[in-house]
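This is what each chain is made of:
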Amino acid sequence: MPNSPIRKLVPLAEKAERSGKKVIRLNIGQPDIPTSDKALAAIRNMDVQVIEYSHSAGMESLRRKMAEYYQKINIDVSYEDILITTGGSEAITLTLLTCLNAGDEILVPEPFYANYFSFATSTDVKVVAITSKIEDGFRLPPIEEFEKKITSRTRCIIICNPNNPTGHVYSREELEQIRDLALKYDLFLLSDEVYREFVYDGEAFTSIMHLDGLENHAILIDSLSKRYSATGLRTGALVTKNKALRDTALKFCQARLSPPYVGQIAGEAALD
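Since we're looking at a predicted model, the values are computed, not measured. (Residues numbered from 1 in each chain as written. Predicted model: local features only at pLDDT ≥ 70, side-chain atom pairs only at ≥ 80, totals over all residues. Heavy atoms only, no water.)

> Honestly, the packing of helix H2 (residues 37-44) against helix H9 (residues 261-271) in this entry has me stumped. Any pointers?
Between two packed helices, both the angle of their axes relative to each other and the distance between the axes serve to describe the pair. Close contact between H2 and H9 brings their axes to 8 Å; oriented N to C, the two are set at 140 degrees. Classified by the angle their axes make, H2 and H9 are oblique. Here H2 and H9 pass one another in a crossing that is right-handed. Touching Lys38, Ala39, Ala42 and Ile43 of H2 are Val262, Ile265, Ala266, Ala269 and Ala270, all from H9. Partitioned by chemical class, the residues of the contact of H2 with H9 number 8 nonpolar, no polar and 1 charged. (Axes fitted to C-alpha atoms, helices over the stretch in contact; angles between N-to-C directions. Helix = DSSP H or I, 4+ residues; strand = E, 2+ residues; numbered from the N terminus. Parallel < 35°, antiparallel > 145°, perpendicular 65-115°, else oblique. Left-handed = near helix turned anticlockwise from the far one by under 90°. Contact = heavy atoms within 4.5 Å. Nonpolar A, V, L, I, M, F, W, Y, C, P; charged D, E, K, R; others polar.)

This is the structure we're talking about:
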């Protein structure tokens, strides 16, 4: 398992702080605004006598609330299309475990979130990078560059939209190109959309769930961490209309501890 380059900076920052230096932390995605009052109140006022296991797919009340949220942004899913996970990280790991076998390959535009390497390593999957360039504003690399890297072991494409770390917001045209490629080669298309609300300069956000034809290919990864400044709740989601994929992922959910109960209660309040 590779060390996270982000975490390598933590001991250096702590050492500098102990010596009296002011450290501006750019190493981890921790918002600097207060967590929602509703979420904090939900945690403080929980009327629960026993912190019990939740449903393997996540509490139905939270899944229904999330489905309502998605409907408001024109993503047509039901609560049954949603699996609650321990953060977006587990959602990605479950997707790789579900959709790929050991030795299979995923295509990822780079620069990309460093922990994609960790998720791939833990599931014995190979990351194949396709370089995007700062001169092009980190737009999606030409589709021809993706096709050059496709082999008999390629199973999935991963994008992060809006992108971490580049900040690029993929246009509908870019997403349609990547959709057509996924359909041409029968690949899964995983879209990490945890930064959905962070779109500026008049740009419009398009989800892969807004595109037609991907019902059996698209997996949306989401999290409450960033948009609600609640990273410690560890409440994420795997969203897909592919029933076979959901049913397989649920088998992994049944074999692990349920997502944090407090996180789900607070998550419902954050979505309210």
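> I would appreciate a short explanation of the sheet that holds strand S7 (residues 235-239) in the present structure.
Sheet strands associate in pairs through backbone hydrogen bonding, adopting either a parallel or an antiparallel arrangement. A sheet is described by the order of its strands in space; here 7 strands give the open sequence S1-S7-S6-S5-S4-S2-S3, paired in mixed fashion. Among the strands making up the open sheet, the edge pair consists of strand S1 (82-86) and strand S3 (126-131). Between one strand axis and the next, the sheet turns through 25 degrees on average, direction left out of account. Bridge analysis of strand S5 (residues 188-192) against strand S6 (residues 218-223) gives 4 bridges, and the strand direction is parallel. Counterpart to Leu190 in the pairing with S6 is Ile219. (Pairing = 2+ DSSP bridges.)

> Looking at this structure, I do not really get the pattern of salt bridges. What am I missing?
Think of it this way: side chains of opposite charge can pair up when their charged atoms draw near. Considering all chains together, one arrives at 16 salt bridges under this definition. For Glu174, the salt bridge goes to Arg139, with nearest N and O atoms at 3.7 Å. Of the two residues, Glu174 is situated in helix H7 (residues 172-184) and Arg139 in the loop between S3 and helix H6 (143-149); the sequence distance between them amounts to 35 residues. Since its relative accessible area comes to 1%, Glu174 is described here as buried. Relative accessible area serves as the criterion here: at 38%, Arg139 is assigned to the partly exposed category. Between Arg172 and Glu176 there is a salt bridge, with its nearest N and O atoms 3.4 Å apart. Separated by 4 residues within a single helix, Arg172 and Glu176 lie in helix H7, roughly one turn from each other. Of the residues examined, Glu176 reaches a relative accessible area of 28% and is grouped as partly exposed. (Salt bridge = Lys/Arg side-chain N within 4 Å of Asp/Glu carboxyl O. Buried < 20%, exposed > 50% of the residue type's maximum accessible area, 1.4 Å probe, protein only.)

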